Amino acid sequence: MRLGLGFDIHRLVPGRPFILGGVTFDHPRGPSGHSDGDVLLHALVDALLGAAALGDIGDHFPDTDPKWKGTAGSVFVIETLALLAKRKLFPVQVDSTVFLEVPKLGKKKRELAEALASLLDISPDRTSVKAKTMEGLGAIGAGEAVAAQVLVVVEERIAKGGTTKRRAK
Ligand code: MG
């Protein structure tokens, strides 16, 4: 078993869609960035890479490369899962916290956790998304930024005369 930790923060600016965990929210501001600025999925990528000791998101998907411009966070996650799978590493659990003032996540937290479960092909009772405001403090508290922290548990699956394939959906 391995653990990985990830963090990401993006500035919130007018005229960009607010995308978090691959879900679009109705909000007048959205994360700026070279890609879609999805802090939850970017932090997840860093957590996955960390668990495998494979560097960080900037090493694999540099924002200087036009190839990744506007790329959805889910694409980074899928590419990262493939890197881990080559090493027989598979995520089995995710916990996360999103730091933001607005919009309120409320019931969306469960939807986001289920979206993570689907993306990682694990059971939704093994994914968690929590939300924290910053009590009005700092850039996040002023609604000028959104951040996320992710912890992932990754399992190494050694083939025992069988397959290391992930279970079918
Ligand atoms: Mg990012």
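Bear in mind the structure is a predicted one, so any value in this text is a computation, not a measurement.

**Student:** Help me get a handle on a nonpolar patch on the surface, residues and values and all.
**Tutor:** A surface patch of nonpolar side chains, about 480 Å² in accessible area, is lined by M1, L3, L5 and L151. As for its placement among the helices and strands, L3 is situated in strand β1 (residues 2–14). We classify L3 as exposed; its relative accessible area is 53%.

**Student:** Talk me through the coordination of the magnesium ion; I want residue IDs and the actual numbers.
**Tutor:** Here the magnesium ion is held by D8 (OD), H10 (NE2) and H42 (ND1), and the distances to it run 2.1 to 2.2 Å. Sequence positions of the residues that donate to the magnesium ion give the spacing D-x1-H-x31-H. Separated by 34 residues along the polypeptide, D8 in strand β1 and H42 in helix α1 (residues 39–51) bring together distant segments of the chain. With respect to class, D8 is no different from H42; both count as buried.

**Student:** Residues and numbers for the nonpolar core, please.
**Tutor:** Across soluble globular proteins, nonpolar side chains have a tendency to be buried as a group. Residues L20, L44, L48, V77 and V98 are the most contacted members of the largest nonpolar core, which totals 42 residues. At the level of elements, β2 (18–20), β3 (23–25), α1, α3 (73–86), β5 (89–99), α4 (108–120) and β7 (145–156) are the ones that each hand at least two residues to this core. A per-element tally of this core places α1 first, with ten residues. Each residue touching V98, except ones within four places of it in the same chain, is listed here: L20, L40, L105, V129, K130, A131, K132, V146, A147 and A148.

**Student:** Any chance you could break down the side chain of D46 for me, citing the residues and the numbers?
**Tutor:** Position of D46 relative to the elements: it lies in helix α1. Of the side chains with opposite charge, R2 lies nearest to the buried D46, which makes no salt bridge, at 14 Å.

**Student:** Now, about the packing of aromatic side chains: what can you tell me, with residues and values included?
**Tutor:** The tally for this structure, following the rule as stated, stands at four aromatic pairs. Centre to centre, the rings of F18 and F25 are 5.6 Å apart; their planes meet at 80°, and the pair counts as edge-to-face. The same class applies to F18 as to F25, namely buried. Relative to F76, the ring of W68 has its centre 5.5 Å away and its plane inclined at 70°; by these criteria the two rings are edge-to-face. We classify W68 as buried; its relative accessible area is 8%. Residue classification places F76 among the buried positions, given a relative accessible area of 3%. Taken together, the ring pairs in this structure connect F61, W68 and F76 into an aromatic cluster.

**Student:** With reference to specific residues and values, describe the layout of surface pockets.
**Tutor:** Roughly 230 Å³ of internal volume is contained in the largest pocket. Contributing to the lining of the largest pocket are 14 residues, with H10, S35, H42, F61 and D63 lying nearest its centre. Among the secondary structure elements, those contributing two or more residues to the lining of the largest pocket are β1 and α2 (57–60). In terms of residue count, the dominant contributor to the lining of the largest pocket is β1 (three residues).

How each quantity is defined
- Residues numbered from 1 in each chain as written.
- Predicted model: local features only at pLDDT ≥ 70, side-chain atom pairs only at ≥ 80, totals over all residues.
- Heavy atoms only, no water.
- Patch = residues over 30% accessible without salt bridge, like charges linked within 9 Å, V, L, I, M, F, W, Y side chains within 5 Å.
- Areas by Shrake-Rupley, 256 points an atom, 1.4 Å probe, with all protein chains shown as cover.
- Salt bridge = Lys/Arg side-chain N within 4 Å of Asp/Glu carboxyl O.
- Helix = DSSP H or I, 4+ residues; strand = E, 2+ residues; numbered from the N terminus.
- Buried < 20%, exposed > 50% of the residue type's maximum accessible area, 1.4 Å probe, protein only.
- Donors = N, O, S within 2.8 Å, 3.2 Å for Na, K, Ca; no water.
- Core = buried A, V, L, I, M, F, W, Y, C linked by side-chain atoms within 4.5 Å.
- Contact = heavy atoms within 4.5 Å.
- Lys, Arg positive; Asp, Glu negative; His and termini not counted.
- Phe/Tyr/Trp six-rings, centres within 6.5 Å; stacked < 30°, edge-to-face > 60°.
- 1 Å grid on protein atoms, 1.4 Å probe; cavity = no way out; pocket = protein on both sides within 12 Å on 5 of 7 lines; lining within 4 Å.
- Points joined across faces, edges and corners; volume = space filled by probe spheres on them.

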